[in-house]
Amino acid sequence: MGSGRLEQGMARTLKRPLELLTNADHAVNDVAKCRETRKFCQWHFRQGNASMDHLFTDFDFDLLKSADFKEDSVREELIVPILKGLGYSAQGQNRIIRSKKLRHPFVTVGSKEVALTNFPDYLFEVDGKIAWVLDAKGPDETITTGKNREQAFFYAIHPEINVPYFALCNGREFVLFRINKEDAVLYFTLSEIEKHWNELAQHLSPSAFARYETHIDSGKAEVDFDYLSRKSLAEIRGISKQSSKRHYGVHGYFTKQAYQIVQAYITNFTKPNDLVLDPFGGTGVTVVEALMTGRRAIHIDLNPLSIFFVKNLVSPVSLSDLQDAFDRVGKQFKNKRPKTEEEVETALDRYPYPRNIRMDSSSDFKYLDQVFTREQLAELVTLKHIILQEPNQKVRDILLLMFSSSLNKFNLTYHASAGRSEGRGNSSIFAMYRYRKAKEPGRVDLWVTFAGKLKKVINAKKEIAPLITEKTVKNAQIVKGTATNLSFIEDETVDYIYTDPPYGKKIQYLDLSVMWNAWLDLEVTEEDYKQEAIEGGEHNKTKDDYSRLISESIKEMFRVLKFDRWMSFVFQHQDPAYWHLIVDSAETAGFEYAGAVRQNNGQTSFKKRQHPFTVLSGQLIINFRKVRNPKSIMKANLGGDVTDLIHQAIEDIIAHRNGATIEEINDDIVIKFMELNILDLVAKKYKDLTPFLASNFDFDNETQKYNLKKEEKFRASIPVEVRIKYYIVSMMRRLAREGKYPHIDDIYLEIMPLLKNGKTPEKQTILNVLETIAVKMGEDQWRLDETGQGELFAIV
């Protein structure tokens, strides 16, 4: 059965409550007893769930990125602790039934009988009755939509099971559905399970099914959440922008944050139902991830293209209505598509299109209509005219979104990539941030491109549908406006700010968006250009203009943010002056600087290697807190030679990372010296660190890391435990390559002399450190424990 028929069959099944839910829904009928049950369960959860606050504190969720961490690992490492915490076990009244074989492995959906090719991973029996079903999946499998959800649904409605709830878990996420509702009842990422534990228990603990056979329909439970105790996140690894259908492929834009980073920051600094603000919203990654994780959100941007795109991305729409409208448009376009020169000119005379719109001075074109051939213009105006006849506004706007997304490939700036199909290329608008005419413009078929966008939109809508619904989308405000004026937001009402602002001359957003805004009939006013926080552009904005607008924006962010809350500012600029602008403006407004985190994008350019102090290999995320007694960054009073400062800084990085690559050294030094306000001074003396590193440190070709020269001591004032760790790991890895494992006395004899330049530690101190990073072999030999030690000395 095709997926479309299957969904229709599921929909018909959900409309048969008397047939399927009479037995399964026994838990929701006795409303009169619900109050007493609520009191009992609330007490039970308070008594039994104190230990759940730290359920996965010691679990490294980066393990889920490994190809070796599969469905069986999800079951053993993650699902089992949850089930035990809820109160289930392999025996007793609240019993786990594993992989139950069904006597009749079929379910009836509509008039069709669907075969079940697998068996449910977990059934849960409470007082002799099956209460709910859980299916485990691998970390890379989708569980909110598609076949996996359908399979779990079929298990739940099977006559031998017949339960109201079915859940799925892939190690990253947990989602709970009710068989007679399309939207998820509960969704969360496992890394923040403690914030959802009470609600999870109120739905799925044995008490929820057993006591009076009454189900508690609880509201969102308040979770104790100490905002100020939150820690800045370490670098997030394994970033894959293309892995999310909701953010990749729907519509191009000039910059886009990786959703994994944004989601991690939101869940780290907030709890469900908190309000998240992004005043430079762009493509809406912040607002989407806030909604996907059960938060409220405000998205603000000056660019009307941003507002149009984000509204249509998150707005729920009937996919069957969209498909029907697409088919109607396709039939009309096939008939009306201009094919001859005469038909081209007729279309251009008959339908309106952007005329006499001047381009900016960096463009190869004087007017916007020159960016297209006459044939391209004619096809575009014809397609747009047909789309505008669609009576359903929601559907019409989605079709216009697809039309807008197609513009990137259907113009003279587009070039196909060498060795790839015509449709697999890029436009200079995104690649070079200017309208540069391609030497050999790629020629693509407009309808094929437009049809491809339908698939992207449908995939995105399906991915967000269980969590961004007609109800939850109301938790988002999408506003065209400026970050310098947030007057519609009351003082101290925002719980968290995550934003990626424009940086100086890097991208002139409004100038570059002219093609999309003109074709979509979106107005850009002179006031918009005046308020755009950039340098340069057609309105010749100065560095002072940019600085003033960023400072005013930060003041407004401070005003609307609650006390004891966080703001995260993405920084990806070559000029250290902008670092000082942001930090100084934030401190002037009243924020407290809480550190910066290097977030590598996985690419290190030649330019970065040659100019370590002016080019970042990725980006920095600067964290601030709004507290009542903020501390300011202490400015450095240089009393020593710059060379000594650099040497000590590199030693510190090497010690904490147990050896460091050139990229790690470069980026960490940038942060250190920016914080000390001496980056300009350092950059004058050392344009390239490579010769300095080569003469002062050893390079390991195998690991591509720099280390202290053999038997050399640290010059820097590094904590003794950190120095001991570094020396032990270096020694044991060197010996392991030779197949040797040292005795405790060997370790003492090698390390003690290296520690003489500071306070000499007790032997017990060395042994204490050794026991945290190594495993004893036999009576008195030691082997380094590499498990979970990918980065023994992570810098936060």
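For the structure, check the block above.
Described below are features of the structure shown in this document.

**Some details on the environment of Val371**
Inspection of the secondary structure assignment puts Val371 in the loop between helix H12 (341–350) and helix H13 (374–387). Judged by its relative accessible area of 0%, Val371 is buried. In this structure, Val371 is in contact with Met359, Phe365, Gln376, Asn411, Leu412, Thr413 and Tyr435, ignoring residues within four places of it in sequence.

**A short note on the sheet that holds strand S17 (residues 619–626)**
Pairing in this open sheet of seven strands is mixed, and the strands run S13-S10-S9-S14-S15-S17-S16 from one edge to the other. The sheet is open, and its two borders are formed by strand S13 (476–480) and strand S16 (592–599), each paired with just one other strand. For this sheet the average axis-to-axis angle between neighbouring strands, irrespective of direction, equals 15°. Where S16 lies against S17, six bridges are found, and the strand directions are antiparallel. Pairing of Ala596 across the sheet is with Ile622, part of S17. The strands touched by helix H10 (residues 304–314) within the sheet are strand S10 (296–301) and S13, with S13 carrying the most contacts at an inclination of about 160°.

**As for the side chain of Thr270**
The residue Thr270 is located in the loop between helix H8 (259–269) and strand S9 (275–278) in this model. Taking relative accessible area as the criterion, Thr270 reaches 0% and is therefore assigned buried. Within the local environment of Thr270, its side chain forms a polar contact with the backbone oxygen of Ile266, the two atoms lying 2.5 Å apart. Apart from residues no more than four positions distant in its own chain, Thr270 is found in contact with Glu192, Lys195, Phe225, Tyr227, Val276, Arg295 and Tyr496.

**Some remarks on the sheet that holds strand S7 (residues 173–178)**
The strands making up a sheet are joined through hydrogen bonds of the backbone, oriented either antiparallel or parallel. What the six strands build is an open sheet, ordered S1-S4-S5-S6-S7-S8; its pairing is mixed. The sheet is open, and its two edges are formed by strand S1 (94–98) and strand S8 (186–189), each paired on a single side. Pairs of neighbouring strands in the sheet enclose a mean axial angle of 20°, with direction left out of account. Two elements, strand S4 (residues 122–126) and strand S5 (residues 129–136), share five bridges in a ladder whose sense is antiparallel. If you follow Val126 over to S5, its bridge partner there is Lys129. Of the strands in this sheet, S5, strand S6 (165–169) and S7 are in contact with helix H5 (residues 146–157), which crosses S6 at around 145°.

**Let's talk about H5**
The end-to-end C-alpha separation of H5 is 17 Å, in line with the 16 Å expected for twelve residues at 1.5 Å each. Buried residues dominate H5, accounting for ten of its twelve residues. For H5, the full list of buried residues reads Asn148, Arg149, Glu150, Gln151, Ala152, Phe153, Phe154, Tyr155, Ala156 and Ile157.

**Quick look at the pairing of S9**
Here S9 shows no split at all, with Leu275 and Leu277 on one side and Val276 and Asp278 on the other all buried. Where S9 meets S10, four bridges bridge the pair, whose relative direction is parallel. By the bridge assignment, Leu275 is partnered in S10 with Arg296. The parallel pair S9 and S10 is bridged by helix H9 (residues 285–292), and the resulting crossover is right-handed. Sheet analysis places S9 next to strand S14 (residues 494–499), joined by two bridges and oriented parallel. Paired with Val276 across the bridge in S14 is Tyr496.

**Structural notes on helix H6 (residues 197–204)**
Since one α-helical turn is 3.6 residues long, residues separated by three or four positions face the same way. A large share of H6 lies buried, amounting to seven of its eight residues. Turning to H6, its buried residues are Trp197, Glu199, Leu200, Ala201, Gln202, His203 and Leu204.

**A short note on the packing of H10 against helix H16 (residues 446–464)**
Where H10 contacts H16, the two axes come as close as 9 Å, and the packing angle between them is 60°. With respect to their mutual orientation, H10 and H16 come out oblique. Between H10, through Asn312, Leu313 and Val314, and H16, the contact on the second element is made entirely by Ala460, Lys461 and Ile464. Among the residues forming the contact of H10 with H16, the class breakdown is four nonpolar, one polar and one charged.

**Examining the packing of aromatic side chains**
According to the stated counting rule, one finds 34 aromatic pairs in the structure shown. Ring geometry for Phe254 and Phe430: centres 5.3 Å apart, planes at 65°, overall edge-to-face. Note that Phe254 is positioned in the loop between helix H7 (206–210) and H8 and Phe430 in helix H15 (residues 428–431), a separation of 176 residues in sequence. Pair check on accessibility: Phe254 and Phe430 agree, each one buried. Relative to Phe624, the ring of Phe591 has its centre 6.0 Å away and its plane inclined at 50°; by these criteria the two rings are tilted. Here Phe591 is found in the loop between helix H21 (576–589) and S16, whereas its partner Phe624 is found in strand S17, with 33 residues between them in sequence.

**Re unusual backbone geometry**
At Glu492, a residue that is not glycine, the phi angle is positive and equals roughly 50°. Tracing the chain through its elements places Glu492 in the loop between S13 and S14. The exposure class of Glu492 is partly exposed, given its relative accessible area of 39%. The backbone phi angle of Asp521 is positive, close to 60°, even though this residue is not glycine. When you line up the elements, Asp521 lands in the loop between helix H18 (514–519) and helix H19 (526–531).

Basis of the calculations
Residues numbered from 1 in each chain as written. Predicted model: local features only at pLDDT ≥ 70, side-chain atom pairs only at ≥ 80, totals over all residues. Heavy atoms only, no water. Helix = DSSP H or I, 4+ residues; strand = E, 2+ residues; numbered from the N terminus. Buried < 20%, exposed > 50% of the residue type's maximum accessible area, 1.4 Å probe, protein only. Contact = heavy atoms within 4.5 Å. Pairing = 2+ DSSP bridges. Axes fitted to C-alpha atoms, helices over the stretch in contact; angles between N-to-C directions. Polar contact = N/O pair within 3.5 Å; in protein donor to acceptor, adjacent residues only side chain to side chain. Expected span 1.5 Å × (residues − 1). Right-handed = clockwise from strand over helix to strand, strands pointing away. Parallel < 35°, antiparallel > 145°, perpendicular 65-115°, else oblique. Nonpolar A, V, L, I, M, F, W, Y, C, P; charged D, E, K, R; others polar. Phe/Tyr/Trp six-rings, centres within 6.5 Å; stacked < 30°, edge-to-face > 60°.

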